[in-house]
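Close look at the chain arrangement
For reference, the chains in residue letters:
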Amino acid sequence: MASPSSLLLPIGASGKSLCGTHQGVSCDKFRGLVPRCSNLEAGLRFSRTIGCDSKTKLSLMKRRDMIGFVFGASTLLLGSYDANGAGLPQEEKPKLCDENCEKELENVPMMTTESGLQYKDIKVGTGPSPPIGFQVAANYVAMVPSGQIFDSSLEKGLPYLFRVGSGQVIKGLDEGILTMKVGGKRRLYIPGPLAFPKGLISAPGRPRVPPSSPVVFDVSLEYIPGLEIDED
């Protein structure tokens, strides 16, 4: 799945330094501490203390003071990380099927195609079905079988555009969209062979998708650009 899978790649760390003077070296001044120069090329790296001003003689910090400073800084950072990740309620992610929908879906018959794709119609649309090769606009919420979301167009705020039946998305999504009608919503239970053969690398806070593992897609077919609805 070209576009969504690319968004799941971990974001690389920026190579830019946080601050700098000459030759990537910056000078920081802390209360109660002598000025020091630190090289900030790769995260928090504490280099040896040297003078920042050639005209000013700086005394070396005691080893005990340096160890205490480093330990205090690392503890502060770890504490901040734990505060953000522990004990706080997770933000509710937008869905195409809420709790009431989930209950109703239990009574909807499961349909199975020859390829092994299974689906349940959350809502049957009233518009046309997309011809092969036509561009469609669809919203989707992609989940692992446990229900954890690994990608969603709703979080991006725009429907996903692709040409149906042309291999621009995974096989299960392609097949599932083809038999939908505009305005419809469907849950696709996509088996491994019709999903991601190479898997997907997880983004922060998202589940990993192993190679050729089953996935679940909630899909809504919003519209088909260029295809007008007959109004009789």
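Here is a short report on the structure shown in this document. Note that the structure is predicted; figures quoted are calculated from it, not measured.

**Focus on the overall build of the chain**
- The number of helices and strands found in the chain is four helices and nine strands.
- Written out in order from the N terminus, the α and β elements of the chain read α-β-β-α-α-β-β-β-β-β-α-β-β.
- Across the 232 residues in the chain, those meeting the buried criterion constitute 31%.
- Pairs at least 24 residues apart make up 62% of the contacts formed inside the chain by residues separated by at least 6 positions.

**Thoughts on the nonpolar core**
- Of all hydrophobic cores here, the largest spans 29 residues; its most connected members are Phe-150, Ile-177, Ile-190, Phe-196 and Phe-217.
- Mapped onto this core, the elements with two or more residues apiece are strand S5 (135-143), strand S7 (160-163), helix H4 (171-178), strand S8 (185-190) and strand S9 (215-223).
- For Ile-190, the contacting residues outside a window of four places in its chain are Leu-117, Ile-170, Gly-172, Leu-173, Ala-195, Pro-214, Val-215 and Phe-217.
- Ranked by size, the runner-up nonpolar core spans five residues in total, among them Leu-96, Val-141, Met-143 and Ile-149.

**Brief notes about H4**
- Where H4 is concerned, the buried positions are Gly-172, Leu-173, Asp-174, Gly-176 and Ile-177.
- Residues of H4 that are buried in the fold lie against S5, S7, S8 and S9.

**Some words on unusual backbone geometry**
- Phi at Ser-212 is positive, roughly 50°, even though this residue is not glycine.
- Within the secondary structure, Ser-212 sits in the loop between S8 and S9.

**Overview of the packing of aromatic side chains**
- This structure, assessed with the given rule, holds five aromatic pairs.
- On the numbers, 6.1 Å between centres and 80° between planes, the contact of Phe-150 with Phe-196 is edge-to-face. Placement of the pair is Phe-150 in strand S6 (residues 149-152) and Phe-196 in the loop between S8 and S9, with a sequence separation of 46 residues.
- Chaining the aromatic ring pairs together yields one cluster made of Tyr-140, Phe-150, Tyr-160, Phe-162, Phe-196 and Phe-217.
- Positioned above the aromatic ring of Tyr-119, the side-chain terminus of Arg-186 is 3.9 Å from the ring centre.

**Re the pattern of salt bridges**
- For the structure on display, the rule yields five salt bridges.
- With a closest N to O distance of 2.7 Å, Asp-121 and Arg-186 form a salt bridge. Taken together, the residues Asp-121 in strand S4 (residues 118-123) and Arg-186 in strand S8 connect sequence positions 65 residues apart.
- Owing to a relative accessible area of 26%, Asp-121 belongs among the partly exposed residues under this scheme.
- Connected via shared salt-bridge partners are Glu-102, Arg-187 and Asp-218.

**What to know about the pairing of S6**
- Pairing analysis gives three bridges linking S5 to S6, with the strands arranged antiparallel. What sits directly across from Val-141, in S6, is Ser-152.
- Here S5 hands over to S6 after five residues, with Gly-147 in that stretch at a positive phi of 100°.

**Re the state of the cysteines**
- This model, assessed by the stated rule, comprises one disulfide.
- Covalent S-S linkage joins Cys-97 and Cys-101, the inter-sulfur distance amounting to 1.9 Å. In this structure the cystine formed by Cys-97 and Cys-101 twists about its S-S bond by roughly -100°; its chirality is therefore left-handed. Summarising the burial analysis for this pair, Cys-97 and Cys-101 share the class buried.

**A few points about a negative patch on the surface**
- Together, Glu-92, Asp-98, Glu-99 and Glu-104 give the surface a local cluster of negative charge.
- Inspection of the secondary structure assignment puts Glu-99 in helix H3 (residues 99-105).
- Residue classification places Glu-99 among the exposed positions, given a relative accessible area of 66%.

Reading guide: rules and limits
The residue numbering used here restarts from 1 in each chain and proceeds along that chain's sequence as written. Owing to the predicted nature of the model, reporting of local features is limited to residues with pLDDT of at least 70; listing and counting of side-chain atom pairs is limited to 80 or more, with chain, interface and lining totals taken over all residues. As a convention, hydrogens and water are excluded, and side-chain values are obtained from all of the structure's heavy atoms. Only DSSP runs of H or I reaching four residues or more are called helices, and only runs of E reaching two or more are called strands; each is numbered from the N terminus. Residue burial is assigned from relative accessible area. The probe radius is 1.4 Å, only protein chains are included, and a residue is buried under 20% of its type maximum, exposed over 50%, and partly exposed in between. Whether two residues touch is decided by their heavy atoms; if any such pair falls within 4.5 Å, the residues are in contact. Here, nonpolar core refers to any group of buried Ala, Val, Leu, Ile, Met, Phe, Trp, Tyr and Cys residues whose side-chain atoms link them within 4.5 Å. The aromatic pairing rule takes the rings of Phe, Tyr and Trp, using the six-membered ring of Trp, and pairs them if the centres are within 6.5 Å, calling planes under 30 degrees apart stacked, those over 60 edge-to-face and the rest tilted. Any Lys NZ or Arg CZ that is within 6 Å of a ring centre and within 35 degrees of that ring's normal is treated as a charge sitting over the ring. Only one rule defines a salt bridge in this text: a Lys or Arg side-chain nitrogen within 4 Å of an Asp or Glu carboxyl oxygen. For two strands to be treated as a pair, DSSP must find no fewer than two bridges joining them. The term disulfide is used for any two cysteine sulfur atoms that are within 2.5 Å. Within the patch definition used here, like charges are joined within 9 Å and nonpolar side chains (Val, Leu, Ile, Met, Phe, Trp, Tyr) within 5 Å, considering only residues with over 30% relative accessible area and no salt bridge. Per-residue accessibility takes into account occlusion by the displayed protein chains alone, with areas from the Shrake-Rupley method and a 1.4 Å probe. His residues and chain termini do not enter the charge count, which takes Lys and Arg as positive and Asp and Glu as negative. To locate a charge, the coordinates of NZ of Lys, CZ of Arg, CG of Asp or CD of Glu are taken.

So yeah, pure geometry; function would need other evidence.
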